[in-house]
Amino acid sequence: MSFYGEQVRCSRVLESDGTPPHALPGDRPVWTRDRTVDVKHIKIDIKLDIPGRGVSGTATHTVAPLNDGCRYAEFDAIDMEISAVSVARKPAEFSYDGAKLRVDLGEGRRRGQDLPVAITYSAHPRIGMYFIHPDEGYPEKPVQVWTQCQDEDTRYWLPSFDHPSEKQTSELIVTVPGNWFALSNGRLLEDKANRDGTRRFHWHQDRPHSTYLFTLTAGEFARIDASRDDLTIDYFVEPRDVEDAQRTFANTPEMIALFERLFDAKYPWSKYSQVVVRDFVFGGMENTSATTMTENILFDRKAARDHTSDPLISHELAHQWFGDLMTCRDWSHGWLNERFATFLEMLWDEHHLGIDMYRQGAIENAGLYFDERYRRPIVTNVFHEPIDLFDRHLYEKGSVVLAMLRALLGDDQFFRGIQRYIRDNQERSVITQDLASAFEAETGRNLDWFFDQWVYKPGHPAFRVAWNYDDDRKLATVSVKQTQATENGTPVFRMPVTIDFRKGRARPQAFRVEITEREHTFAFPLAARPDLCRFDPYGGILKELEFDKSVGELRLQLRDDDDIGGRQFAARELGKKGGAEATRALEDAVTNDRFWACQAAAAKALGEIKTEAARDALLRCLSVRNPKARRAVVAALAQFKGDEAVFAALEPLARRDQSWFVEAEANRSIGKLRLPASFDVLARNIDRDSFRQVVRVGCIDGLVELREEAGLELLERVAAYGQPFQARTPAVGALARLGLFFPERQKALGELIAGYLDDPDFRVRIGAANALKTLKADDQVPALERMAARELDGRGVRMARENALALRKGAGTDEEVRKLREEFETIRDENAKLRERLTQLEARDRG
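Below, the structure is looked at part by part.

Reading the values: rules and limits
Throughout this document, residue positions are counted from 1 along each chain, in the order its sequence is written. Residue-level local features of this predicted model are given only where pLDDT is at least 70; pairs of side-chain atoms are given and counted only at 80 or more, and the full residue set underlies all totals for whole chains, interfaces and linings. Note that the side-chain values use all heavy atoms of the structure and ignore hydrogens as well as water. Strands are runs of DSSP state E lasting at least 2 residues, helices are runs of H or I lasting at least 4, and numbering of each runs from the N terminus. The size measure is the radius of gyration over C-alpha atoms, and the globule rule it meets is 2.2 Å times the number of residues to the 0.38 power. Accessibility here uses a 1.4 Å probe with only protein chains present; expressed as a share of the type maximum, an area under 20% marks a residue as buried, one over 50% as exposed, and anything in between as partly exposed. All accessible areas in this document rest on Shrake-Rupley with a 1.4 Å probe, and a residue is counted as covered only by the protein chains that are shown. Only four residue types enter the charge count, namely Lys and Arg as positive and Asp and Glu as negative; His and the chain termini do not. To locate a charge, take atom NZ for lysine, CZ for arginine, CG for aspartate or CD for glutamate. The method works on a 1 Å grid over the protein atoms by themselves. A cavity is a set of points holding a 1.4 Å probe that cannot get out, a pocket is an open set with protein on both sides within 12 Å along at least five of seven lines, and residues with an atom within 4 Å of a point line them. Grid points are joined across faces, edges and corners, and a volume is the space filled by probe spheres set on the points. For this scheme, ten residues count as nonpolar: Ala, Val, Leu, Ile, Met, Phe, Trp, Tyr, Cys and Pro. Four count as charged, namely Asp, Glu, Lys and Arg, and the remainder, Gly too, count as polar. We define a salt bridge as a contact between a side-chain nitrogen of Lys or Arg and a carboxyl oxygen of Asp or Glu at a distance within 4 Å. When two rings of Phe, Tyr or Trp (its six-membered ring) have centres within 6.5 Å they constitute a pair, described as stacked for plane angles under 30 degrees, edge-to-face for angles over 60, and tilted for the intermediate range. We count a charge as sitting over a ring when the NZ of a lysine or the CZ of an arginine lies within 6 Å of the ring centre and within 35 degrees of the ring normal. We call two strands paired when DSSP finds no fewer than two bridges between them. Here, axes are lines fitted to C-alpha atoms. For helices the fit covers the stretch in contact, and angles between N-to-C directions go from 0 to 180 degrees. Throughout this description, any angle smaller than 35 degrees is read as roughly parallel, any larger than 145 degrees as roughly antiparallel, any in the 65 to 115 degree range as roughly perpendicular, and the remainder as oblique. The crossing is said to be left-handed when, going from far helix to near helix, the turn is anticlockwise and less than a right angle, and right-handed when the turn is clockwise. Note on definitions: a residue-residue contact is assigned when non-hydrogen atoms from the two residues lie within 4.5 Å. Here the expected length of a helix is defined as 1.5 Å per residue gap, with one fewer gap than residues.

Helix and strand counts for the chain come out as 26 helices and 31 strands. By the compact-globule yardstick of 29 Å for 847 residues, the chain fits well, its C-alpha radius of gyration being 29 Å. Over its C-alpha atoms, taken along the principal directions, the chain stretches across nearly 100 × 65 × 55 Å. Looking at the chain as a whole, 59% of its 847 residues are labelled buried. With the model as given, the accessible surface of the chain reaches about 34,100 Å², and the carbon-plus-sulfur share is 47%. Here the chain contributes 120 positively and 136 negatively charged side chains, and the mean placements of these two sets differ by 2 Å.

Right, let's talk about empty space enclosed by the protein for a bit. If a probe the size of a water molecule is rolled over the atoms, the empty space left behind becomes visible. Going through the model one piece at a time under the given rule, you end up with one cavity of 30 Å³ or more. In this structure, the largest cavity encloses a volume near 60 Å³. In terms of lining, the largest cavity is formed by I44, W157, S170, E171, L172, S184, N185, W203, H204, Q205, F214 and T215. Among the secondary structure elements, those contributing two or more residues to the lining of the largest cavity are β12 (168-177) and β15 (198-209). For the lining of the largest cavity, a count of residues per class yields five nonpolar, six polar and one charged.

Turning our eyes to something else, we now look at the pattern of salt bridges. A side chain of one charge can pair with a side chain of the opposite charge if their charged atoms are brought near each other. With the rule as written, the count across this model stands at 85 salt bridges. Note that K141 and D279 form a salt bridge whose closest N and O atoms lie 2.7 Å from each other. Taken together, the residues K141 in the loop between β10 (129-132) and β11 (144-147) and D279 in the loop between β19 (271-277) and β20 (284-285) connect sequence positions 138 residues apart. With a relative accessible area of 11%, K141 lands in the buried category. Residue D279 is classed as partly exposed on the basis of its relative accessible area, which comes to 22%. Here the salt bridges share partners, and the residues they tie into one network are R33, D76, K100, E152, R155 and D162.

The description of an aromatic ring pair rests on the distance of the ring centres and on the angle between the ring planes. In this structure the tally under the stated criterion is 35 aromatic pairs. When the centroid spacing of 5.0 Å and the interplanar angle of 90° are considered together, the rings of F263 and F322 count as edge-to-face. With F263 in helix α2 (residues 252-263) and F322 in the loop between α3 (310-318) and β22 (327-328), this pair connects stretches of sequence that are 59 residues apart. In this structure, R33 is placed above the aromatic ring of F161, and the distance from its NZ or CZ to the ring centre is 4.3 Å.

What follows covers the pairing of strand β8 (residues 100-104). Note: strand β4 (residues 72-76) against β8, five bridges, orientation antiparallel. The partner of F75 across the bridge, within β8, is L101. In the sheet, strand β7 (residues 94-96) pairs with β8 via three bridges, with the strands oriented antiparallel. Within β8, the position partnered with Y96 by the bridge is L101. Between the end of β7 and the start of β8, which pair antiparallel, lie three residues, with G98 showing a positive phi angle near 95°.

So, on to the pairing of strand β27 (residues 495-502). Across the eight residues that make up β27, a large majority, eight, are buried. Along β27, one buried face is formed by M495, V497, I499 and F501 and the opposite face, lined by P496, T498, D500 and R502, is buried too. One ladder, built from seven bridges, connects β27 with strand β28 (residues 509-515); its direction is antiparallel. Each bridged residue has a counterpart across the sheet, and for D500 the counterpart in β28 is A510. From the end of β27 to the start of β28, which pair antiparallel, there are six residues, and G504 there has a positive phi angle of about 60°. With four bridges connecting them, β27 and strand β30 (residues 532-535) associate as antiparallel partners. Of the residues in β30, the one forming a bridge with F501 is C533.

Moving on, we come to the packing of helix α13 (residues 596-609) against helix α14 (residues 612-621). Axis separation between α13 and α14 bottoms out at 8 Å; the angle between their running directions is 150°. Comparing the axis directions of α13 and α14 gives the class roughly antiparallel. Once α13 is placed against α14, the crossing between them reads as left-handed. Contacts between α13 and α14 pair A603, L606, G607 and I609 from the former with A614, A617 and L618 from the latter.

What follows is about helix α12 (residues 580-592). For α12, with 13 residues, the first-to-last C-alpha span of 18 Å sits near the 18 Å given by 1.5 Å per residue. Taken together, the buried positions of α12 are A582, T583, A585, L586, E587, A589 and V590.

For the rest of this paragraph, the subject is the environment of P760. With respect to the helices, strands and loops of the structure, P760 is situated in the loop between α22 (746-755) and α23 (762-774). Along the sequence, P760 and P508 sit 252 residues apart, while their C-alpha atoms lie 59 Å from each other. Setting aside its immediate chain neighbours within four residues, P760 contacts Y721 and R765.

Time to look at the sheet that holds β4. What the three strands build is an open sheet, ordered β4-β8-β7; its pairing is antiparallel. Unpaired on one side and paired on the other, β4 and β7 mark the two borders of the sheet. For this sheet, the mean angle separating the axes of adjacent strands, direction not counted, is 15°.

Dropping the structure here:
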């Protein structure tokens, strides 16, 4: 294994802001597992005990020793009863400690000799295989059984070598109730009705795949057929959801065709199925040939106006190549799976919605990465559990790094490099070097420097840029300084960058320069003073940018820049500067810009100005047609606390709008206005059903912003088990956020929230762990530590450990931060009033 940068164990206990770093105390380097045998095939023949939540049967592994004289093979198997083991159809000695099954292969085994190892077992899996049943809280829930094996949870329901580095073909035979359907990997060989009223399914996967991609989903499902001549494409949902499913998955065949064309590689499996289940623990899971999806993926006709599930659908589909066909050798290289899938969401948007949506995807992913609570190299093998790595670095930063590579190489070289990567590595376990080598072999470009700084080192550049023009010398100069801190291993970055200039409506004059040092000054001969200077137009570099410009230049950029990132930058900067000219330019952008995200940025900037003129502009902008832009206008109006005119405009939208999301935002904003009538509006609307309960969540956030003690009782009610599950986790978090304003109730609230650490829903348990940190409930550290010790879901373990550490080490600066934020808001409000008076005085003087 070749690394560009050495993996260094993190010794810091807390970041400078009190947040734990990625590597927590006790985390150690994790290396790829050794193997004694090659697992070639596994035959799984099981029965489900649905009332007893159990599974039993026989798993037969065909293994081949990797060395002569190999005596033992070891399998992962947690909390099982092993009743028999045979090797080559003869009883075999074995030992089992509750986690590892060690099988004696016998003497004289030769390298490459095929040996069937049959393990007869039973288990009641705590994770890995999930039994869904109705209960007192959710009596309408159907009975279903489904597996979720990533990262390494196959071992809870199936004895296996449970690591991504091992690949094998597989087959699964399962017996289920007679009215059920069972979906698994590969082709369906048999669907047989048994005499006892049960039903037997036999699936066979003939290309090798890793155990975390094994799947079984069983229940009562309706099938929607979307097949093409050479490929079965289908969707399985509850019968009640067929209409929504047809709407939701409609673009799947076109996505498959697009990815096949981009990769010059046919879809690699025998079918592509998508199945929607209840209570799924992720958004989606890319099981080979059969993706499992959360019920939240389905959307109704009203939600379709400004929502799509295409990002999730394209993400999981992309994994059929990147993750399934080529699989990371170990989890430290997991970005090879996830960054491609996230990047292909952007490529689908580009194909389906245009280049601006591709660029918007990069902007949003960069923002999500910037908001991550720590910085780490994308590739690191220091972690506690593999799921610790599945963060904004692995997904969003990874996708933007790929977008940068595309911008650097150009489309021809970039896509040829990806195609070479697929041709050279299909059915293999891969590391990052394999990707770099494919690009070098295909294009001749050595990209070691690129992967070194963007993948094996943490952070990103922060640029401070300024420009001026010398009329006498006809020379434009641009100064560029990298201001990011480098103490944590973040480098001074090397990147080529475009700087261009424009005069009037002429084509920009572009220059390509190389950033190699912390500070540069570049000079460019220009015949006339330009009106606009752009640094890195179209976002070729993942960066933070400070670029001070005049109001005049920003107005021009907001109106005329063909780069949506440039227009959004100009809107933000005009919001900081304020004034009548900025207000007019921003209102024009909200009303007339051709891209919704630029309209939204302009609306947000008007809210930041906070003058009466900005408020009136926003009220006029409520008529904007795009619902995403209108939602941003509604959110920006929340800046005008105590304003009755704003309340009168928002209250009808909180009751009814063409968009669920506008309704949700209106309720959120009504809470932020903090008017006497706000509570009644939120109390009326909080029980309204909506897509994913977004209206209820908007009311929850509004109650926090309103800061009335009566909101605590409402929040406690909607957080209770049996309430719509999508809003329960936000409600638990809101109890802590609102509780910060009532110190005398914080101890009782801490005890209440700690009770949710035992909730049946893992999302609520994680939300409760985060809420205890928000509440600064240091007396609940023992409860968090108990959760970390007993929790099986790795995400719950991570958050319990992280929050307990933060509370123990005094990341309890939350109260001080909150007070500073309130003081800042007060000063900003007073500043806005002074700015409004100044604007009025200037207007009077001009008159």
